[in-house]
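These are the residues of each chain, in order.
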Amino acid sequence: MVRNLVKLVLVRHGESIANRDNVYTGWNDVPLSKKGIEQAKDAGLKVAKIPDFVPTHIHTSVLSRAIMTANIIADVCSFLYLPITKTWRLNERHYGALRGINKDVSKKIFGKEQVLKWRRGFDSVPPLLTQPVQDRRYQKYDMRLMPQGESLHQTQDRLMPYFWDHIAPELMSGHDQLIVAHGSSLRALIKKIEGISNKDIVKVEVPNAEPIVYTFDSDLHIIKKEILH
């Protein structure tokens, strides 16, 4: 029997050591900070209290900070038995040659307006790396798919096929889903889900470890949105 209403919960990972140190991370693989671990536990407690939320699958990226957060939430919520899919398509936006640079320093180098376009705009592409990331977690993929830097638009383009192929069908079948990912990849998904304009997406922020709860009808029309602060 298909449920009339279904829930999708989005959670950005807890604070990473790069968040703590205010540096661009992107596809750099960094762990959670101590604060981030506690934030993930708190997010788990909030997710556990969502009425009628019974997810059948957890989706996350192949980056440690998101995987760690997903595992902590699953543990707190007694979801460890659920299948979990880790996909590069849910990775954070690739910040190209900016990765590892302190964000305040980048403003001095490139100017505040340019940095704002790179960080919050939809189509602005940061300076590119000279070659794709060389990491064994990506070796099985066609290197032509691997970015050397991405706009938010490009992040959305590589993320949405996974959503339409693996998440949307489950939601339309009445199965709640949990996504644990990153600030920019979730912004890209939220933009598509809510139909947010290119101009207004600049204003959208996804804080660490504050679950966003969407309730949809069977046609994936939003009935309700709630952010659990």
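Source: prediction; values computed, not measured.

### Topic: the pairing of strand β2 (residues 55–60)
(1) Moving on: Counting buried residues along β2, 5 of its 6 residues qualify, which places the element largely inside the surrounding structure.
(2) Moving on: The pairing of β2 with strand β4 (residues 176–181) spans 5 bridges and is classified as parallel. Considered in β4, the bridge of T60 is made with V180.
(3) Moving on: Where β2 meets strand β3 (residues 84–86), 3 bridges bridge the pair, whose relative direction is parallel. Each bridged residue has a counterpart across the sheet, and for T60 the counterpart in β3 is K86.
(4) Moving on: Tracing the backbone out of β2, into helix α3 (residues 64–76) and back to the parallel element β3 gives a crossover that is right-handed.

### A short note on the UniProt feature "site: Transition state stabilizer" (unreviewed entry) in the protein chain
(1) Moving on: Mapped onto this structure's residue numbering, the UniProt feature "site: Transition state stabilizer" (unreviewed entry) falls at H182.
(2) Moving on: Assignment of secondary structure puts H182 in the loop between β4 and α7 (183–194).
(3) Moving on: Exposure remark for H182: the relative accessible area of 0% places this residue in the buried category.
(4) Moving on: Contact partners of H182, with chain neighbours within four places excluded, come to R12, H13, S61, L63, R65, A66, L90, N91 and E92.

### Brief notes about the pairing of strand β5 (residues 212–217)
(1) Moving on: Summarising burial for β5: 6 of the 6 residues are buried, a large majority.
(2) Moving on: Taken together, the 6 bridges between strand β1 (residues 5–12) and β5 define a ladder with antiparallel strand orientation. The residue bridging L5 from the neighbouring strand is D217, located in β5.
(3) Moving on: The turn linking β5 back onto strand β6 (residues 222–227) is made up of 4 residues, and L220 within it adopts a positive phi angle of 65°.

About the cut-offs
Residues numbered from 1 in each chain as written. Predicted model: local features only at pLDDT ≥ 70, side-chain atom pairs only at ≥ 80, totals over all residues. Heavy atoms only, no water. Buried < 20%, exposed > 50% of the residue type's maximum accessible area, 1.4 Å probe, protein only. Helix = DSSP H or I, 4+ residues; strand = E, 2+ residues; numbered from the N terminus. Pairing = 2+ DSSP bridges. Right-handed = clockwise from strand over helix to strand, strands pointing away. UniProt positions renumbered as here; feature names shortened; annotations may be inferred. Contact = heavy atoms within 4.5 Å.

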